[in-house]
Amino acid sequence: MQLVLEFLALPFVQDVLKILFILLLFAMPLGTFMTLMERKWSAAVQDRIGPNRANIGSYRGRGLLHIAADALKSIFKEDLIPKGADKFLYTIAPFFSFMSAVAVFAIIPIAGPIGDFKFQVTDVQPGLLFIFAITSLGVYGAVLAGASSNSKFALFGGTRASAQMISYEVFLGLSLMGLFMVYGSTQVSAIVEGQGEHWFGLIPKWGVFTQPLGFVVFFTALIAETKRAPFDAPEGESEIVAGYFVEYSGMRWSSFMLAEYIAIVGVAALITTLFFGGYQVPWLYHWESAPQWLVTLLQFGKFASFTFIFCWFQIQIRWTVPKFRFDQTMALGWKKLLPVALLNTVVTAIIIVALA
Amino acid sequence: MNTSELTTISVEELKPVHLPGAIIPAPPEDSDTSIMRIEIGPAHPAMHGIVRLTTYLDGEQIVGMVPEIGYLHRGFEKESENSKWIQVIPYTDRLNYVSPVLNNIGYSMAVEKLFGVEIPRRAQFARVIMGEISRITDHLTCLAACAMEVGGFTFFLWFIKAREYLYELNEQVTGGRVTINWTRFGGNSTDFPDGFLKEVEVRLEKVREVIEEGDQLVTRNKIFIDRMKNIGVLSKEKAISYGFTGPLLRACGVPYDIRRADPHLVYDELDFEIPIGEVGDSYDRFLVRMEEMRQSISIIEQAIDKIPYGPVMTRERYLGYPDKKEVYGSIEGLIDHFKMVMEGHHPPAGEVYQPIEGGNGELGFYLVSDGSGDPVKCRVRPPCFNYVQAMPELALGHYVADIVAIFGSINMIGGELDR
């Protein structure tokens, strides 16, 4: 027993356990659930019933079994590599997308720290700069897939994706400048810590209240970064069929799709962490005698529920609005979001200096 | 079609393609840039039906396009020549398969013109009601597909849902949703079932709700307007020279509607307005169709108020089957029945052209008869043939993504395009 506890106390073992917990028990299940949720919710929006056919005997589980059925189907499908494709690049492209979607969760705290123990895989000093680096890597998935497929439609998707993602990287960074100034750090734990305070003991000092403009720009840029509707010109399902992954099949295709859905969860988790207080439960400080385990549980519950709400919100957006054309996406970014993000930065700086 | 005027770029260095309306760009002068040729279709999700658009791109900008049709050619006209007159009616269902009743009506009216008969008033009103229902299904399908191409998938499914309400009405009268085979020479094969007109009113109310709902969802949406406005503009003069008709011509600002210009059936007794657009872009085409559906609903409601009682089939012996009572009760009836089955109709020799306002524009039937039992010629003037021809000019200078917005709004129906 003593040995087990000592083993668990090793930092390395703790990191592995955190990765397993956050990825395998939170991000991945939620991501796969999103695949069904999107279909079910879009069905509700469109006056349909949605998938409900997969069954084991007479058990259908309201379509839940479709998650398993889809996974099994794509595993057993043929993994086609088109003629003339660059095999190596074609093969590794999905991993870039998948990896960058998953790596976002490395710095997201899912509950408050207990003593020295943090519910966060790693609290790196650069903090959010890590996110920018990782999301930039995601471009390679789309670009390599588009360039290596030996298909003109895929090439279109790849070039659109690279231009769009690199542009929106700019607004992604700029929109958070104000947040960094308000909370005085780029480290995620410090930002979440700062959001635990209250104004007049009533209004939580969440990012969305201190940085409303920053929130709008950041959310828009993140959706564009993950190539979700209305910014899904790189996929362009009506004109370039499926964009950069048009030639993919089987599990590699599923990797792209799963990466997209995990990215939805990642976006929602980031929004929650940076602008909605992360794990901070508002007004909980009134209840000083609360047991630690209950506080942690409440914190995780708050984080998870807000994440879920923003996942739903993204799906709702997708099934409500039409899609931008590619040049309109770029125009929106450079002509509207960039000035707004800059204005936000300047105004925030002026207010901070004035208050200090 | 004056091809020389449309081919704006020199084609000496490329093999000339003798397709009307085709625009082929000249090779670029500096060797660093090149023009990409991309085949959109024939198997492409946005090419409803089957058509191939060979598109020439400079970056994402369209510099040339060659539409190629004929992938759905089934030999309608030749097949008609080898059939009896009456056997053509089921084929016409397959022309514009989203508004089959209008095709039926158009063909039957052409043959009736050959015979020179007037059909009973109840049948005329019934044709108006069913025809306008068909026009609504046509517009619903077109707008749904058009919005789906620019990303409004929810709008698509709402409108398809509304279309289903109306297809079920088709089913109640004719027994089929799409392949209905309803009209006959001299009237209609069936009268409305009991309580049908009440049901029509109930369902139209539901359809109207869906239309208003969809209107709120996309019509004033900023993204939708950005995608549709000033895309695929065609001037009045160009539209007329291309032979545009129907909603597309009206979107260009010409108030030409065959229901008014050449009133057939009982359209001159009904009150309706002809919506026209201003610039003739995709957005105007969308709005014109939207308004036409509301007008059609109002037409149906007026027709329901005015529809008289009476027969739905003329009593002429050479047109329809005699009553069963006569067939079994009199020798003349039996002979008439026998001759009708064995020999079919014998329209007098001559030729006619009968246009009607189809869902998509002017749907014309040109028939030639030599007095025998078979049509000598059965030519269809499909509305969307001209639209596809204008496709290169509409798309020139726009981006790849605009092809679908334009193509969705011109509502190409493979069945009537290739016949």
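Residues numbered from 1 in each chain as written. Chains lettered and ligands numbered in written order. Predicted model: local features only at pLDDT ≥ 70, side-chain atom pairs only at ≥ 80, totals over all residues.

Draft legend 1. Broad picture of the overall build of chain A. A count of helical and extended segments in chain A gives twelve helices and four strands. Whereas a compact globule of 356 residues would reach a radius of gyration of roughly 21 Å, chain A reaches 21 Å, a difference of no more than 12%. C-alpha atoms of chain A, sized along the principal axes, occupy 65 × 55 × 45 Å. Every one of the 356 residues in chain A was classed for burial, and the buried ones make up 44%. In chain A, once contacts between residues fewer than 6 apart in sequence are set aside, the share between residues at least 24 apart is 77%. (Helix = DSSP H or I, 4+ residues; strand = E, 2+ residues; numbered from the N terminus. Rg over C-alpha atoms; globule rule 2.2 N^0.38 Å. Buried ≥ 20, exposed ≤ 12 C-beta atoms within 10 Å, placed from the backbone. Contact = placed C-beta atoms within 7 Å.)

Draft legend 2. Broad picture of the overall build of chain B. Of the regular secondary structure elements, chain B holds 17 helices and eight strands. Computed over its C-alpha atoms, the radius of gyration of chain B comes to 23 Å, within 12% of the 22 Å expected for a compact globule of 419 residues. For chain B, the C-alpha atoms occupy an extent of roughly 85 × 45 × 35 Å along the three principal directions. The burial tally for chain B puts 49% of its 419 residues in the buried class. Pairs at least 24 residues apart make up 69% of the contacts formed inside chain B by residues separated by at least 6 positions.

Draft legend 3. Representation of the domain arrangement of chain B. As far as domains go, chain B holds domain 1 (3-68) and domain 2 (87-314 + 348-381). Computed over C-alpha atoms, the centres of domain 1 of chain B and domain 2 of chain B are 33 Å apart. (Domains from an automatic or database assignment.)

Draft legend 4. Spotlight on the packing of helix 5 (residues 121-149) of chain B against helix 6 (residues 153-174) of chain B. All names here are of chain B. Axis separation between helix 5 and helix 6 bottoms out at 8 Å; the angle between their running directions is 160°. Taken together, helix 5 and helix 6 sit at an angle that is classed as roughly antiparallel. Regarding helix 5 and helix 6, the two cross each other, and that crossing is left-handed. Contacts between helix 5 and helix 6 involve M130, I133, I136, T137, L140, T141, L143, A144, A145, A147 and M148 on the former and, on the latter, F153, F155, F156, F159, I160, A162, R163, L166, Y167, L169 and V173. Its residues assigned to classes, the contact of helix 5 with helix 6 comprises 19 nonpolar, two polar and one charged. (Axes fitted to C-alpha atoms, helices over the stretch in contact; angles between N-to-C directions. Parallel < 35°, antiparallel > 145°, perpendicular 65-115°, else oblique. Left-handed = near helix turned anticlockwise from the far one by under 90°. Nonpolar A, V, L, I, M, F, W, Y, C, P; charged D, E, K, R; others polar.)

Draft legend 5. Inspection of the sheet that holds strand 7 (residues 362-369) of chain B at higher detail. Residue and element names in this part refer to chain B. Pairing in this open sheet of three strands is antiparallel, and the strands run 6-7-8 from one edge to the other. Among the strands making up the open sheet, the edge pair consists of strand 6 (350-357) and strand 8 (377-381). Ignoring which end each strand starts from, the neighbouring axes of this sheet average 10° apart. Looking at chain direction, strand 7 and strand 8 are connected through five bridges and run antiparallel. Counted as the bridge partner of Y366 is R379 from strand 8. Lying over the sheet, helix 4 (residues 100-115) contacts strand 6 and strand 7, oriented at roughly 145° with respect to strand 6. (Pairing = 2+ DSSP bridges.)

Draft legend 6. Region of interest: the pairing of strand 3 (residues 61-68) of chain B. Looking at chain direction, strand 2 (residues 52-58) of chain B and strand 3 of chain B are connected through seven bridges and run antiparallel. Paired with B:D58 across the strands is B:Q61, a residue of strand 3 of chain B.

Draft legend 7. Layout of the interface of chain B and chain A. Counting residues at the interface gives 26 residues for chain B, matched by 24 residues for chain A. The set of elements that each furnish at least two residues to the side of chain B that touches chain A consists of strand 1 (36-40), helix 6, helix 8 (222-228) and helix 16 (400-410) of chain B. Sorting elements by how many residues they give to the side of chain B that touches chain A places helix 6 of chain B first, with five residues. Tallied by class, residues from the side of chain B that touches chain A come to 16 nonpolar, five polar and five charged.

Draft legend 8. Broad picture of helix 4 (residues 87-103) of chain A. Residue and element names in this part refer to chain A. With 17 residues, helix 4 should cover 24 Å at 1.5 Å per step; its first-to-last C-alpha distance of 25 Å lies within 8% of that length. Looking only at helix 4, the buried set comprises Y90, A93, P94, F96, S97, F98, S100, A101 and V102. Its buried side turned inward, helix 4 meets helix 2 (11-45), helix 5 (128-148) and helix 10 (250-275). (Expected span 1.5 Å × (residues − 1).)

Draft legend 9. Molecular detail of the environment of A:T91. Among the secondary structure elements, A:T91 is positioned in helix 4. In sequence terms A:T91 and A:V246 are 155 residues apart; their C-alpha atoms lie 14 Å from each other.

Draft legend 10. Structural detail: unusual backbone geometry. All names here are of chain B. A positive phi is found at N181, a non-glycine position, where the angle reads about 50°. Using a count of 17 C-beta atoms within 10 Å as the deciding quantity, one classes N181 as partly exposed. Even without being a glycine, N230 presents a positive backbone phi close to 60°. Along the polypeptide, N230 turns up in the loop between helix 8 and helix 9 (236-242).

Draft legend 11. How the structure looks around the packing of helix 6 of chain B against helix 7 (residues 196-219) of chain B. All names here are of chain B. For the pair helix 6 and helix 7, the least separation of the axes is 9 Å and the interaxial angle reads 170°. Viewed along their axes, helix 6 and helix 7 adopt a mutual orientation that is roughly antiparallel. Contacts between helix 6 and helix 7 pair T154, F155, W158, F159, K161, A162, Y165, L166, L169, Q172 and V173 from the former with F196, E199, V200, R203, K206, V207, V210, E213, G214, L217 and V218 from the latter. Taken together, the residues of the contact of helix 6 with helix 7 sort by class into 14 nonpolar, three polar and five charged.

Draft legend 12. Quick look at the sheet that holds strand 2 of chain B. Residues and elements named next belong to chain B. Here three strands make up an open sheet; going across it, the order is 1-2-3 and the pairing antiparallel. Across the chains shown, the open sheet's two edge strands, defined by having one partner strand only, are strand 1 and strand 3. In this sheet, neighbouring strand axes are inclined to one another by 20° on average, regardless of whether the strands run parallel or antiparallel. Summarising the sheet, strand 1 and strand 2 pair through five bridges and their orientation is antiparallel. Across the sheet, the residue bridging to I38 is T55, located in strand 2. Against the sheet, helix 15 (residues 383-395) contacts strand 2 and strand 3, and its axis sits at roughly 175° relative to strand 3.

Draft legend 13. View of the confidence of the model for chain B. Averaged over chain B, the pLDDT score is 84; the fraction of residues at 70 or greater is 94%. Throughout residues 1-16 of chain B the model reports pLDDT below 50, and contacts reaching past four residues in sequence, or to other chains, amount to 21 contacts. (pLDDT = per-residue confidence, 0-100.)

Draft legend 14. Expanded view of helix 7 of chain B. Residues and elements named next belong to chain B. With 24 residues, helix 7 ought to run about 34 Å at 1.5 Å a step, and its terminal C-alpha atoms sit 32 Å apart, in line with that. Regarding helix 7, the residues found buried are V200, L204, V207, I211, G214 and V218. Buried residues along helix 7 sit in contact with helix 5, helix 6, helix 8 and helix 12 (282-306).

Draft legend 15. Summary view of the environment of B:M228. Here B:M228 is to be found in helix 8. Here the alpha-carbon distance between B:M228 and B:C146, two residues 82 residues apart in the chain, equals 9.7 Å.

Draft legend 16. Main features of the pairing of strand 7 of chain B. Residues and elements named next belong to chain B. Note: strand 6 against strand 7, eight bridges, orientation antiparallel. Bridging from a neighbouring strand, V352 pairs with L367 of strand 7. The hairpin turn running from strand 6 into strand 7, its antiparallel successor, is four residues long, and G361 in that turn takes a positive phi close to 145°.

Draft legend 17. Seen up close, the confidence of the model for chain A. Of the residues in chain A, 100% have a pLDDT of 70 or more, and the chain-wide mean is 84. Per-element confidence in chain A is highest for helix 12 (residues 326-355) of chain A, whose mean pLDDT is 88, and lowest for strand 2 (residues 117-119) of chain A, whose mean pLDDT is 74.

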